[in-house]
Every structure is written in C-alpha cells, then in structure tokens.
Amino acid sequence: EEEDEEEGSEEDEHEPNDHEVDGEGFISIWCGKFHENDEEAFYEYLQEDYPEDEDGMTSAFMKDAGISFYDEDFREGIFSDSGKITTLKSMLQRLSYNDSFTEAALVAAKTKKISKVNCILGIFDLKHEEEMLSEVKGLHFLGYFPYEKN
C-alpha cells in the first residue's frame, strides 16, 4: 500500500507540456490591443478557474496560449488607463522588476513591429515556447526574457 501512495503522489505533480520548460528567472510577456478594448473582459479572459472535472487551474487565456500550468501568484496583467492605446515601453515599466528586461523586450517588439498597446501580461518564472498562434484576441506573444529581482 505504501508503494501505491508514493506512485499516486508522483502522478499528482505537474509535468510541463511541450510549450513549457523550467522558467525560473524568466518572464514570458504577451501584449497588444485587447480585442474588445474592455478592461473587465481582459481580466475575465485571464481569470483562473479550478473546474472540479479537471486537474489544476485553467483560464481562457491558458487554453488559447497552450499553457497547462503557471503559478498564479506570479502573473501580472495590466490594462491601460481607460483602455487608451499607449506605448509598449510605458506598459512594460508597470511590470515588476522591469529594469532587468525592458530593453530586451523592446528589441523583440521592434522585430515584431509592436509599439502601441492597451494591455500587457507578464508571467514570471515561465519560459513559454512560441508554438501557439502568434496573436490571440489581440494579444501577441512578445517572448521570454531573463529578469532579476531588484
């Protein structure tokens, strides 16, 4: 019986899918012009849920992005004041520890021709591989970048 219990506990542990690798020390960032320009809809899209018929948490965003797990305490979603389109740089500067990744994120944004946004989403300690649609509901995957707590 003891062996069965040990096996069961291993099964409960989260195993990353193909899109995720050990992301400690990285932030994955999505940004864009949220399709509804609606702050409430943006936060509902990100809202995690814990369905009884599924293991762990899920959200509409997680399903669209192909993410099976992240620590919800490390997610920062920010919608611009009144949904106004603003510079990506100004939104990046609202994320925690932004001094350590803003420059690299702006270089990636230039390559992807992203400069004006009304929302940004950062998930710390997640290194998401871009194997999803490049744009979902107006959100573009900018990339993952190393960050340092300062």
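The structure under discussion appears in the preceding block.
These numbers were taken from a predicted model, which means no experiment stands behind them. (Residues numbered from 1 in each chain as written. Predicted model: local features only at pLDDT ≥ 70, side-chain atom pairs only at ≥ 80, totals over all residues. Heavy atoms only, no water.)

Quick look at the environment of Asp81 now. As for its position among the elements, Asp81 is in the loop between β2 (75-79) and β3 (86-87). Sequence separation between Asp81 and Glu39 is 42 residues; the distance between their C-alpha atoms is 9.0 Å. (Helix = DSSP H or I, 4+ residues; strand = E, 2+ residues; numbered from the N terminus.)

Looking now at the pairing of strand β7 (residues 139-146). Sheet topology note: the strand β6 (residues 135-136)/β7 ladder contains two bridges and is antiparallel. Residue pairing in the sheet places Val136 in a bridge with Leu139 of β7. Adjacent in sequence and paired antiparallel, β6 and β7 are bridged by two residues, among which Lys137 carries a positive phi angle near 55 degrees. (Pairing = 2+ DSSP bridges.)

If you check the backbone angles, Tyr97 has positive phi at about 55 degrees while not being a glycine. By relative accessible area, Tyr97 is classed as partly exposed at 28%. The phi torsion at Asp125 lies on the positive side, around 60 degrees, for a residue other than glycine. By secondary structure assignment, the location of Asp125 is in strand β5 (residues 119-128). Judged by its relative accessible area of 27%, Asp125 is partly exposed. (Buried < 20%, exposed > 50% of the residue type's maximum accessible area, 1.4 Å probe, protein only.)

Scanning the entire structure with this criterion turns up zero disulfides. With no disulfide of its own, Cys31 has Cys119 as its nearest cysteine by sulfur position, at a separation of 7.6 Å. In this structure Cys31 comes out as buried when scored by relative accessible area, which is 0%. Among the residues examined, Cys119 registers a relative accessible area of 0% and is labelled buried. (Disulfide = S-S within 2.5 Å.)

It is worth stressing that arrangement in space is one thing and function is another; only the former is reported here.
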